[in-house]
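One letter stands for each residue in the lines below.
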Amino acid sequence: EEQEEDVLRDLRLFLRYVTESLAQDRRFKAFAKPVDTEEVPDYTLVVKAPMDLSTLLTNIDEQKYVTVDEFVCDADLIWKNALEYNPDSDPMDRHIRHRACALRDALRSIIRAELNEGFQRACEEIRASR
Ligand SMILES: COC(=O)[C@H](Cc1ccco1)c1ccncc1
């Protein structure tokens, strides 16, 4: 009903705020858009579920997420994929892995600082009722 749509609208606002906070950080530029599979032809062989910050925003607008945890599952793909695809000891790989870990930590930190636990429970009630 109306109250549920009000909660989910607030969830979308919160998730956009989290995603845009990350997208404006220059450290995370490599995570802003999908990895170009023409530039990197073996990427989809290694990474089964590509994800990036622009795709998160599209998913939010398409009302894919009913809880913060569902969003975090997709957002975690961004840094997990980077660790998986860039495992080597060369400086380039080490650099993107360092940024992937910084993205992981920034994501958790923004959510812990800004998410009201009562609001998260209201979202989980809606998910359980559907
Ligand atoms: C999330 O971005 C990536 O995983 C690509 C993989 C990649 C390899 C070659 C071109 O792109 C990346 C981009 C920038 N620096 C390192 C790796």
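Note that this is a predicted model, so its numbers are computed, not measured.

Caption draft 1: Examining the overall build of the chain more closely. What the chain contains, in helices and strands, is six helices and zero strands. Walking the chain from its N terminus toward its C terminus, one meets helices and strands in the order α-α-α-α-α-α. Projected onto its principal axes, the C-alpha positions of the chain cover 50 × 25 × 20 Å. When burial is assessed residue by residue, the chain has 38% of its 130 residues classed as buried.

Caption draft 2: Inspection of the environment of E70 at higher detail. Note on placement: E70 falls in helix α4 (residues 68-85). Distance from E70 to S129, taken between C-alpha atoms, is 16 Å for residues 59 residues apart in sequence. Not counting chain neighbours up to four residues away, the residues in contact with E70 comprise K64, Y65 and R127.

Caption draft 3: Representation of helix α1 (residues 2-23). The end-to-end C-alpha separation of α1 is 31 Å, in line with the 32 Å expected for 22 residues at 1.5 Å each. Taken as a whole, α1 has its buried residues at E4, V7, L8, L11, R12, F14, L15, V18, T19 and L22.

Caption draft 4: How the structure looks around the site of the ligand. Around the ligand lies a shell formed by A30, F31, V35, V40, Y85, N86, M92 and I96. N86 is positioned such that a nitrogen or oxygen atom in its side chain is 3.1 Å from an oxygen atom of the ligand. Residues belonging to the shell around the ligand are distributed by class as follows: seven nonpolar, one polar and no charged.

Caption draft 5: Just the state of the cysteines, in detail. Within the structure shown, the criterion is met by zero disulfides. With no disulfide of its own, C101 has C73 as its nearest cysteine by sulfur position, at a separation of 18 Å. Free cysteine: C123, not disulfide-bonded; nearest cysteine sulfur from C73 at 15 Å.

Caption draft 6: The side chain of N81, seen in detail. Inspection of the secondary structure assignment puts N81 in helix α4. When residues no more than four places from it in sequence are discounted, the contact partners of N81 are Y43, V47, A49, P50 and M51.

Caption draft 7: Structural view of the environment of V18. Structurally, V18 can be placed in helix α1. Here the alpha-carbon distance between V18 and I110, two residues 92 residues apart in the chain, equals 6.7 Å.

Caption draft 8: Here's a closer look at the side chain of E4. Along the chain, the position of E4 falls in helix α1. For E4, a relative accessible area of 18% gives the class buried. Beyond its immediate stretch of four places on either side in the chain, E4 contacts I126, S129 and R130.

Caption draft 9: Fine view of the nonpolar core. By size, the foremost hydrophobic cluster in this structure holds 33 residues, and its most contacted members are V18, L22, F31, L56 and F71. Ranked by the residues each element gives to this core, the list is headed by helix α5 (residues 91-114), at eight residues. What F31 contacts, discounting residues up to four positions off in sequence, is D52, L53, I78, A82, I96, R99, A100 and L103.

Parameters at a glance
- Residues numbered from 1 in each chain as written.
- Predicted model: local features only at pLDDT ≥ 70, side-chain atom pairs only at ≥ 80, totals over all residues.
- Heavy atoms only, no water.
- Helix = DSSP H or I, 4+ residues; strand = E, 2+ residues; numbered from the N terminus.
- Buried < 20%, exposed > 50% of the residue type's maximum accessible area, 1.4 Å probe, protein only.
- Contact = heavy atoms within 4.5 Å.
- Expected span 1.5 Å × (residues − 1).
- Near = heavy atom within 4 Å.
- Polar contact = N/O pair within 3.5 Å; in protein donor to acceptor, adjacent residues only side chain to side chain.
- Nonpolar A, V, L, I, M, F, W, Y, C, P; charged D, E, K, R; others polar.
- Disulfide = S-S within 2.5 Å.
- Core = buried A, V, L, I, M, F, W, Y, C linked by side-chain atoms within 4.5 Å.

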